[in-house]
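Structural overview
Here is what each chain is made of, one letter per residue.
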Amino acid sequence: MKNKLNCVLLIDDDFATNFINKKIVQKANITEHIQVALNGKEAIDYLCNKGKFESQETINPQPQLVFLDINMPVMDGWEFIKSYKILVSDGRKKEIRIIMLTSSFNPADKAKADTIEEIADYRQKTLNVAMLHEVIKKHFPNQSEE
């Protein structure tokens, strides 16, 4: 990559999936910062520097790429999107690409995702390096290899 992404945010309640996805992102060498959230509420807290992510010293790196699961406890992917939509829009959200990464084969989920402006892409699990490079090339063309 020409320029690495500021941060990649992985939102999934499955520890094994997060472990594997983190390793894939590291192997692809697209960012220096990978943040994991176990549900949508945790991800909103991260984006807003609240809860366990609150810090007086620094502001959390804002992600440019988010991989979002649908089915999670506390706050699922759809509820995350509802909360995300009402976040203060100061231009930061325009730089964030949300990729719904799910094991759902329900066509209604794909159709719903296609109607939500904030969801840039819908992909089936499991993440792999080739898929990650496709996502980068499609959604960050100025940063991908020429």
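In what follows, the structure referred to is the one given above.
Notes on the structure in this doc start here. (Residues numbered from 1 in each chain as written. Predicted model: local features only at pLDDT ≥ 70, side-chain atom pairs only at ≥ 80, totals over all residues. Heavy atoms only, no water.)

Here we take up the sheet that holds strand 4 (residues 97–102). Reading across the sheet, the 5 strands line up as 2-1-3-4-5 and stay open at both edges, with parallel pairing between neighbours. Only two strands of the sheet have a single neighbouring strand rather than two, namely strand 2 (34–37) and strand 5 (119–124). The sheet shows a mean angle of 20° between the axes of neighbouring strands, direction not considered. Pairing of strand 4 with strand 5 involves 5 bridges; the strand directions are parallel. The residue bridging I98 from the neighbouring strand is I119, located in strand 5. (Pairing = 2+ DSSP bridges. Helix = DSSP H or I, 4+ residues; strand = E, 2+ residues; numbered from the N terminus. Axes fitted to C-alpha atoms, helices over the stretch in contact; angles between N-to-C directions.)

It is worth spelling out the pairing of strand 1 (residues 8–11) at this point. Every second residue of strand 1 is oriented toward a common face, with V8 and L10 on one face and L9 and I11 on the other, all of them buried. Relative to strand 2, strand 1 runs parallel, the two sharing 4 bridges. Directly across from L10, in strand 2, lies its bridge partner V36. Crossover strand 1 to strand 2 through helix 1 (residues 15–28) is right-handed. (Buried < 20%, exposed > 50% of the residue type's maximum accessible area, 1.4 Å probe, protein only. Right-handed = clockwise from strand over helix to strand, strands pointing away.)

Okay, the packing of helix 2 (residues 40–48) against helix 3 (residues 77–85) next. Across the interface, helix 2 lies against helix 3 with an axial gap of 9 Å and an inter-helix angle of 25°. With respect to helix 3, the element helix 2 is oriented roughly parallel. Crossing hand, helix 2 versus helix 3: right-handed. Of the residues in helix 3, those in contact with G40, A43, I44 and L47 of helix 2 are F80, S83 and Y84. A breakdown of the residues in the contact of helix 2 with helix 3 according to their chemical character gives 5 nonpolar, 2 polar and no charged. (Parallel < 35°, antiparallel > 145°, perpendicular 65-115°, else oblique. Left-handed = near helix turned anticlockwise from the far one by under 90°. Contact = heavy atoms within 4.5 Å. Nonpolar A, V, L, I, M, F, W, Y, C, P; charged D, E, K, R; others polar.)

This next bit is on helix 3. A turn of α-helix holds 3.6 residues, and therefore any two residues three or four places apart point the same way. Taken as a whole, helix 3 has its buried residues at G77, W78, F80, I81 and Y84. On an axial view of helix 3, the arc spanned by its buried residues comes to 155°, and they lie on one face. The inward-facing, buried residues of helix 3 contact strand 1, helix 2, strand 3 (65–68), strand 4, helix 4 (107–114) and strand 5. Among the residues of helix 3, the N-terminal cap falls to D76, whose side-chain oxygen and the backbone nitrogen of W78 are separated by 3.0 Å. (Arc of directions from axis to C-beta. Polar contact = N/O pair within 3.5 Å; in protein donor to acceptor, adjacent residues only side chain to side chain.)

Right, let's get into helix 2. The element helix 2 is extensively covered by neighbouring structure, given that 7 of its 9 residues are classed as buried. Of the positions making up helix 2, those classed as buried are G40, E42, A43, I44, D45, Y46 and L47. N-cap assignment for helix 2: the residue whose side-chain oxygen lies 3.0 Å from the backbone N of K41 is N39. At the exit of helix 2 stands N49, carrying a positive phi of roughly 55°.

The next subject is the packing of helix 1 against helix 5 (residues 129–139). One way to put it is that helix 1 packs onto helix 5 with a least axis distance of 10 Å and a crossing angle of 65°. Helix 5 is crossed by helix 1, and the crossing has right-handed handedness. Between helix 1 and helix 5, the contacting residues are I24, V25, K27 and A28 on the first element and V129, L132 and H133 on the second. Among the residues making up the contact of helix 1 with helix 5, the classes are represented as 5 nonpolar, 1 polar and 1 charged.

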